[in-house]
Amino acid sequence: MLGGGRLFHAERLDKIYAYNFAQNHWYMLHTHPDRVHGFPVARCSFGCAQEGNSVYISGGRHYSADVEHRSLSDVWHLRLDTLQWTKLQMRLPDPLYFHSAVISPSGHMYVFGGVHKDGFRAPYLYKIRLPQAMPKLAELCWEKVCGCARVQKILTSEHLTTMGVPWNFIDRLHSLGK
């Protein structure tokens, strides 16, 4: 269990809680700070996505004694096998909290919705390439084909078939309604 909080309070991330089903017991585990940036600042209402032993948190709200709250835009990686935090170089395009996050097979974290610092509910979808996630070569090629095909206005099943694009990728277009 990572972070959390309530109005005017956010949990620190220097420790996390884990439940042992076999022993029916909660344990507190101490995490390790990033060597340069330390621990992520205490936060609640952040995005959280997991892929294997990697957990990524993004944005959220930070409370302190001198301000009511501060919206965040940073992105952090926690390895569950070592409990090591790493601050990533990327940031959300805007400070954001109460948003959803998921990791795709292509190695991207998609962030949707949430609240901007001014209270505006965001209808935006952000796509972030995660440095620790290495996508399959086929996914990288599909990204490139989509980019080129959009520029040339040929993102149709017929054009992609003549280019030799496999049907499992072309079918993605139909599932998106394109």
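Anything mentioned here points back to the structure above.
Because the structure is a prediction, the values reported are computed rather than measured. (Residues numbered from 1 in each chain as written. Predicted model: local features only at pLDDT ≥ 70, side-chain atom pairs only at ≥ 80, totals over all residues. Heavy atoms only, no water.)

Its location among the elements puts aspartate 74 in strand 7 (residues 67–79). A distance of 2.8 Å separates the side chain of aspartate 74 from the side chain of arginine 43, its partner in a polar contact. Once residues lying within four places of it in the same chain are set aside, the contact partners of aspartate 74 are Arg43, Ile57, Ser58, Gly59, Lys87 and Arg91. (Helix = DSSP H or I, 4+ residues; strand = E, 2+ residues; numbered from the N terminus. Polar contact = N/O pair within 3.5 Å; in protein donor to acceptor, adjacent residues only side chain to side chain. Contact = heavy atoms within 4.5 Å.)

So, about the pairing of strand 10 (residues 100–103). Looking along a regular strand, one sees the side chains alternate between the two faces of the sheet. Taking every second residue as pointing to the same face, the buried face of strand 10 carries Ala101 and Ile103, while none of Ser100 and Val102 on the other face is buried. Strand direction decides the pairing type here: strand 10 and strand 11 (residues 108–112), joined by 4 bridges, are antiparallel. Bridged to isoleucine 103 within strand 11 is methionine 109. The loop that links strand 10 with its antiparallel partner strand 11 comprises 4 residues; one of these, glycine 107, has a positive phi angle of about 85°. (Buried < 20%, exposed > 50% of the residue type's maximum accessible area, 1.4 Å probe, protein only. Pairing = 2+ DSSP bridges.)

What follows covers the pattern of salt bridges. Scanning all chains against the criterion turns up 3 salt bridges. For aspartate 14, the salt bridge goes to arginine 12, with nearest N and O atoms at 2.4 Å. For aspartate 14, a relative accessible area of 15% puts it in the buried group. Residue arginine 12 is classed as exposed on the basis of its relative accessible area of 54%. (Salt bridge = Lys/Arg side-chain N within 4 Å of Asp/Glu carboxyl O.)

Within the element layout of this structure, aspartate 14 appears in the loop between strand 2 (9–10) and strand 3 (15–20). Reaching out from aspartate 14, the side chain makes a polar contact with the side chain of arginine 12 at a distance of 2.4 Å. For aspartate 14, the residues in contact, after removing those within four places along its chain, are Leu29, His30, Thr31 and Phe39.

Take the packing of aromatic side chains next. A complete count under the given rule lists 7 aromatic pairs for this structure. Geometrically, the ring pair formed by tryptophan 76 and tryptophan 85 is edge-to-face, given 6.2 Å between the ring centres and 85° between the ring planes. Accessibility expressed as a relative area gives 1% for tryptophan 85, which makes it buried. Clustering of aromatic rings is evident, with ring pairs tying together Tyr19, Phe21 and Trp26. (Phe/Tyr/Trp six-rings, centres within 6.5 Å; stacked < 30°, edge-to-face > 60°.)

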